[in-house]
Amino acid sequence: LPLCFPEKLWKMLESDQFQSIWWSEGGKCVAINKDLFEVEVLGRGVCQRVFNTQHIRSVIRQLNLYGFTKVQRDFQRSASLPEFLSEEAAASAHSQILYYYNPSFNRAHPWLLGTCKRR
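Note that the structure is a prediction, hence the values are computed from the model and not measured.

(A) Up close: the side chain of T53. Among the structural elements, T53 can be located in the loop between helix 2 (34-40) and helix 3 (56-65). Among the polar contacts made by the side chain of T53, one reaches the side chain of S58 at a distance of 3.3 Å. Beyond its immediate stretch of four places on either side in the chain, T53 contacts L42, S58 and V59.

(B) Region of interest: helix 1 (residues 5-14). What helix 1 keeps buried is the set F5, P6, L9, W10, M12 and L13. End-on view of helix 1: buried residues confined to an arc of 160°, all on one side of the axis. Looking at the packing, one finds that the buried side of helix 1 touches strand 1 (21-24), strand 2 (29-33), helix 2 and helix 3.

(C) Looking closely at the environment of R107. Following the sequence through the fold, R107 ends up in the segment after strand 4 (97-101). R107 gets classed as partly exposed once you look at its relative accessible area, which sits at 43%. Considering only alpha carbons, one finds R107 and G26, 81 residues apart in sequence, at a separation of 8.1 Å. Aside from chain neighbours lying at most four places away, what touches R107 is W10, E14, W23 and G27.

(D) The side chain of N106, seen in detail. Among the structural elements, N106 can be located in the segment after strand 4. A distance of 2.9 Å separates the side chain of N106 from the backbone nitrogen of A108, its partner in a polar contact.

(E) Up close: the pattern of salt bridges. Across all of its chains, the model carries one salt bridge by this definition. Salt-bridge contacts for E14 lead to R107; the nearest nitrogen and oxygen are separated by 3.1 Å. Remark: R107 occurs in the segment after strand 4 and E14 occurs in helix 1; sequence separation between them is 93 residues.

(F) Here's a closer look at the packing of aromatic side chains. For the structure shown, the criterion picks out seven aromatic pairs. Ring plane angle 35° and centroid distance 5.3 Å describe the contact between F5 and F51, whose orientation is recorded as tilted. Of this pair, F5 sits in helix 1 while F51 is found in the loop between helix 2 and helix 3, placing the two residues 46 residues apart along the sequence. Looking at F5, the relative accessible area reads 7%, which means it is buried. Taken together, a centroid distance of 5.3 Å and an interplanar angle of 75° make the contact between W10 and F105 edge-to-face. With W10 in helix 1 and F105 in the segment after strand 4, this pair connects stretches of sequence that are 95 residues apart. Residue W10 is classed as buried on the basis of its relative accessible area of 12%.

(G) Expanded view of unusual backbone geometry. Of note in this structure, E25 is not a glycine but carries a positive phi near 55°. Residue position: E25 is located in the loop between strand 1 and strand 2.

Scoring rules and cut-offs
Residues numbered from 1 in each chain as written. Predicted model: local features only at pLDDT ≥ 70, side-chain atom pairs only at ≥ 80, totals over all residues. Heavy atoms only, no water. Helix = DSSP H or I, 4+ residues; strand = E, 2+ residues; numbered from the N terminus. Polar contact = N/O pair within 3.5 Å; in protein donor to acceptor, adjacent residues only side chain to side chain. Contact = heavy atoms within 4.5 Å. Buried < 20%, exposed > 50% of the residue type's maximum accessible area, 1.4 Å probe, protein only. Arc of directions from axis to C-beta. Salt bridge = Lys/Arg side-chain N within 4 Å of Asp/Glu carboxyl O. Phe/Tyr/Trp six-rings, centres within 6.5 Å; stacked < 30°, edge-to-face > 60°.

So, to be careful, I would describe these as geometric facts and stop short of saying anything about function.
What follows is the structure in structure tokens.
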């Protein structure tokens, strides 16, 4: 039987094969480096494709359909201009990383994966 989207996602997160997707927040969130994911996962040939798409928007749509919500990252800003500018550069690079959360998708509780259903 083919794996459903959450099962594919779980296998990717648990694999050492992918550098563009990982567990964050102690295994409670999925972190995706958008640019690297597009090359590493979505840019694969048809025979090696994990998902039936080449577009990050389709993957995000699947995340939303399975109850994942995007988590925003807030950064504290410094008052001094040099520190502020370096923080802005770091935040810009960090903006390529997308974070998604689903209470039924938790590394510490793999048995919950079965409750992760499509809406």
